[in-house]
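# A closer look at the structure
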Amino acid sequence: MAARLAQLGVSTSLNPWTTIMHSDRGHSVDPALGIHTLVDINGRQATEIACPDDSGWRQYLADRYAQYATLHPRELWLEDDFRHYNHTPLKLGCFCDHHMAIYQAKLGHRESRADFVAAMLAPGTPTPERKVYLDTARAEMQTTVRLIEQRVHAVSPTTNLAQMTSFPNWHAVEGRDWAAQFDALSGAGHPRVARPHLPAYNEIAPLRYSRVFEDYTRTTAAYLGDDAELFPELENYMYSPFAKSVAFTQFQIETAALVGARGILLNLFDMMGNGIDDDYHYAEMLAQSKPFLNQVSDHRLRMSHARGIQVLVDQDSAYTIHTTAGQDPAELLPHETNWAALLGTMGFATTITPVGPDVHLRGRQLAISGQLLRNFDPATTRQLLTDNVTLLDGEAVQVVLDQGLGSLLGITNAEWHGVRTGYQSYEAADGHTVEGVVAPRVTMLQHTGDYLQLTYASDAQVDVWSHAYNAHGDQLGNVMVIINGQTIVMPMAADPKYGWESQFVGFKQGLYQQMLARVTKVDYLVGAPNVKFVVTQDDRLTLWAANFTLDDYDQLVWQPAAPVAALTATVVSRARHAAGNVTT
């Protein structure tokens with residue numbers, strides 16, 4: 001088949017479905033293979049999921065990929081089960097006897113599995129056990145892909161090795177070094193090729209998709225860089241328009257352009273042997289989108305050229321995060337893309353910027369959430385907050401305080417109040433009007449995180465924009481403030497289930513627009529909730545707008561960050577309900 005397609009100018013790739021194995025599914029490894037299986041953080045052993053450092057599994061996998069390479073595919077893929085987590089029903093791995101011996105050797109003393117896990121997750125300052133686990137997980141995956149690369153390219157030097165990815169925050173919990181792993185997999189002379197996860201196997205509300213698209217897809221693209229070849233995976237599971245409407249499938253395909261995708265990988269039909277079902281009407285939809293996507297691909301979005309608010313992320317944050325209870329690996333998950341989801345949904349131009357300990361940014365607009373600042377020394381944190389306009393959430397402020405920099409923000413006291421404790425009830429933007437409402441209120445009672453009540457020095461330069469109140473209307477303290485004319489503080493944490501859901505409201509959108517206008521110039525859309533907006537600047541200015549809601553807008557009003565000198569513009573859009581119709 002591949003030879004016949006090549007005669008038509010069509011290349012083929014090969015995607016074996018398993019590497020480590022997604023889950024046991026009631027099966028066991030053939031004892032003749034001699035492959036040892038994964039043991040999770042709770043000591044449960046898999047029957048079919050491979051230990052990621054098992055030499056027998058590694059050689060077997062490399063042998064199979066060398067065998068696949070004899071077909072000379074253009075791309076040869078590693079599935080997204082190539083990871084240490086999400087191997088149902090097990091949790092994070094691997095803690096088998098082999099791995100425990102590795103961990104003990106690196107620690108220099110014997111330690112039981114239970115004690116090692118407890119230390120790895122322990123609250124407070126991260127332990128040597130945490131670093132040992134992350135370093136080991138990081139290195140063993142790179143060892144495996146390096147072996148596969150050597151074996152494959154010895155057989156088929158022109159084949160690109162590629163990998164599907166899943167959730168960047170969970171990849172942090174397995175210590176993934178994005179550049180090192182993909183470069184080891186790619187090999188010399190080959191590009192990084194990835195299949196980022198499009199986070200909706202079943203249909204969800206487009207406005208919800210907008211948020212997780214930032215968390216997963218755009219963050220993956222940012223880590224891999226502009227030169228990576230991205231082919232996001234769109235999967236409709238359990239398949240057919242009963243799982244996802246044709247319109248939502250089309251929406252996902254077209255909005256993949258916002259990560260600079262070079263194409264799309266479609267998993268639209270089941271793998272039961274039924275083949276293509278024309279009754280799903282995907283062919284008509286694809287024919288409608290193709291002319292539009294051809295034009296969009298001529299102007300491929302490069303995230304490094306995106307201007308606006310830079311949301312900072314760090315692949316190494318699981319090394320430094322302070323856990324709370326120390327009971328669950330999920331406590332190691334970074335919360336660094338919260339601003340991207342919020343501000344991106346509110347129509348602000350944003351980009352996601354990976355950083356490391358040597359970061360030095362000046363004159364920018366930065367958004368920092370979670371515990372990202374723990375990756376830096378206090379001098380670096382001071383520089384970032386002094387030389388830039390910065391948005392901080394409550395967790396970020398807590399790290400600033402932990403680093404002894406409270407005076408930098410004029411803070412003299414800080415006290416956390418848990419959500420649903422009966423303390424805080426609502427937030428009111430006293431003295432401000434948004435959407436025609438004077439002092440609009442937003443809940444602090446639920447669907448939000450804990451409240452960090454901050455007290456500022458009497459001589460601090462603090463412009464207060466909202467206050468917290470209890471159920472009786474008593475004012476409790478400040479909420480939204482601008483400090484020193486350059487730092488905006490939203491002193492809330494993320495709820496484990498709901499994140500920042502209470503923040504997604506028009507009153508907060510208007511408040512952020514007014515506050516940012518007070519301290520800086522930023523691109524944003526006016527009066528268009530859930531329209532994602534990206535502005536790129538290279539040899540030309542390009543505006544990217546995608547509607548992530550079911551509502552239509554007759555027009556989009558852009559508030560530019562800088563004067564626009566152009567007198568004309570070219571518009572590329574797809575006319576709805578008109579097959580193949582592209583407006584230029």
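The structure we're discussing is the one just above.
These lines cover the structure that appears in this document, whether it is placed above or below. All of these numbers come straight from a predicted model, not from anything done at the bench.

Here we have seven strands laid out as an open sheet, ordered β11-β10-β12-β13-β24-β23-β20, and mixed in their pairing. Of all strands in the sheet, those bounded by a partner on one side alone are β11 (350-354) and β20 (462-464). Averaged over neighbouring strand pairs, the angle between their axes works out to 25° when direction is ignored. Looking at chain direction, strand β23 (residues 481-483) and strand β24 (residues 487-490) are connected through three bridges and run antiparallel. Across the sheet, the residue bridging to I483 is T487, located in β24. Against the sheet, helix α8 (residues 206-224) makes contact with β10 (309-313) and β11, and its axis sits at roughly 55° relative to β11, the strand it touches most. On the sheet, helix α14 (residues 506-519) packs against β10, β13 (389-393), β20, β23 and β24 and is oriented at approximately 160° with respect to β24.

Below, the discussion takes up the packing of helix α5 (residues 128-155) against helix α7 (residues 178-186). At a minimum axis separation of 7 Å, α5 and α7 run at an interaxial angle of 20°. Our classification of the angle between α5 and α7 gives roughly parallel. Contact residues: α5 offers M141, Q142, V145, R146, E149 and H153, while α7 offers A180, Q181, A184, L185 and S186. In terms of residue class, the contact of α5 with α7 is built from five nonpolar, four polar and two charged.

We now examine the nonpolar core. Ranked by size, the top nonpolar core spans 70 residues in total, and within it W339, F348, L391, M480 and Y512 carry the most contacts. The element that contributes the greatest number of residues to this core is α8, accounting for six residues. Here F348 is in contact with I309, L343, Q509, Y512, Q513, L516, V522, D523, Y524 and F533, once residues within four sequence places are set aside. If you look at the next biggest cluster of nonpolar residues, it comprises 29 residues, including V39, A50, L90 and L147.

Judged by pairing direction, the sheet is antiparallel, and its four strands sit side by side in the order β18-β15-β21-β22 without closing on themselves. The open sheet has two free edges, formed respectively by β18 (441-443) and β22 (475-478), since each of these has just one partner strand. Each strand axis lies, on average, 30° off the axis of its neighbour in the sheet, ignoring direction. Relative to β22, strand β21 (residues 467-469) is paired through three bridges, and the arrangement is antiparallel. For H467, the partnering residue across the bridge sits in β22 and is N478.

Bringing the packing of helix α9 (residues 246-255) against helix α10 (residues 282-297) into the picture now. Contact pair α9 / α10: the axes reach a minimum separation of 10 Å and the direction vectors enclose 25°. By the angle between their directions, the pair α9 and α10 is classed as roughly parallel. Our pair here, α9 against α10, has a crossing hand that is right-handed. Contacts between α9 and α10 involve V246, T249, Q250, I253 and E254 on the former and, on the latter, Y282, M285, L286, Q288, S289, F292 and L293.

It is worth spelling out the packing of aromatic side chains at this point. The tally for this structure, following the rule as stated, stands at 25 aromatic pairs. Taking the centre distance of 4.9 Å and the plane angle of 75° together, the rings of F251 and F548 count as edge-to-face. Residue F251 is located in helix α9, and its partner F548 is located in the loop between β27 (541-547) and β28 (557-559); the two are separated by 297 residues in the primary sequence. The same class applies to F251 and to F548, which are both buried. Three or more aromatic residues link up through ring pairs in this structure, and these residues are Y209, F213, F248, F251 and F548. The ring of W178 has R176 lying over it, and the distance from NZ or CZ to the ring centre is 5.1 Å. Positioned above the aromatic ring of F548 is the side chain of K532, whose terminal nitrogen or guanidinium carbon lies 5.0 Å from the ring centre.

Here we take up the side chain of E235. Along the chain, E235 turns up in strand β7 (residues 233-235). The contact partners of E235, leaving out residues within four places of it in the chain, are A200, Y201, K244 and N267.

Bringing α7 into the picture now. Looking at α7, one finds that the buried residues are W178, Q181, F182, A184, L185 and S186. Looking at the buried residues of α7, the elements they touch are β3 (75-78), α5, β4 (160-164), α6 (168-173), β5 (193-195) and α8. Looking one or two residues beyond α7, the residue adopting positive phi is G187, at roughly 85°.

Thresholds, definitions, all that
The written sequence of each chain sets the order in which its residues are numbered from 1. A pLDDT threshold of at least 70 governs which residues receive local features in this predicted model, and a stricter bar of 80 or more applies before side-chain atom pairs are shown or counted, although totals over entire chains, interfaces and linings include all residues. To get the side-chain values, take all heavy atoms of the structure and skip hydrogens and water. DSSP bridges decide pairing: two strands pair if at least two such bridges lie between them. Only runs of H or I of at least four residues qualify as helices and only runs of E of at least two qualify as strands under DSSP, and these elements are numbered from the N terminus. Note on geometry: axes are lines fitted to C-alpha atoms, helical ones only across the stretch in contact, with angles between N-to-C directions running from 0 to 180 degrees. Contacts: residue pairs with any heavy atoms within 4.5 Å of one another. We call two directions roughly parallel when the angle between them is under 35 degrees, roughly antiparallel when it is over 145, roughly perpendicular when it lies between 65 and 115, and oblique otherwise. Residues were grouped as follows: Ala, Val, Leu, Ile, Met, Phe, Trp, Tyr, Cys and Pro as nonpolar; Asp, Glu, Lys and Arg as charged; and all remaining residues, including Gly, as polar. Nonpolar core, defined: a set of buried Ala, Val, Leu, Ile, Met, Phe, Trp, Tyr and Cys residues in which side-chain atoms within 4.5 Å join the residues together. Accessibility here uses a 1.4 Å probe with only protein chains present; expressed as a share of the type maximum, an area under 20% marks a residue as buried, one over 50% as exposed, and anything in between as partly exposed. Left-handed is the label given to a crossing in which the near helix is rotated counterclockwise from the far helix by less than a right angle, and right-handed is the label when the rotation is clockwise. Aromatic contacts are taken between Phe, Tyr and Trp rings whose centres are within 6.5 Å, Trp giving its six-membered ring; a plane angle under 30 degrees counts as stacked, one over 60 as edge-to-face, and the others as tilted. Each ring is checked for a lysine NZ or an arginine CZ that lies within 6 Å of its centre and within 35 degrees of its normal; such an atom marks a charge sitting over the ring.

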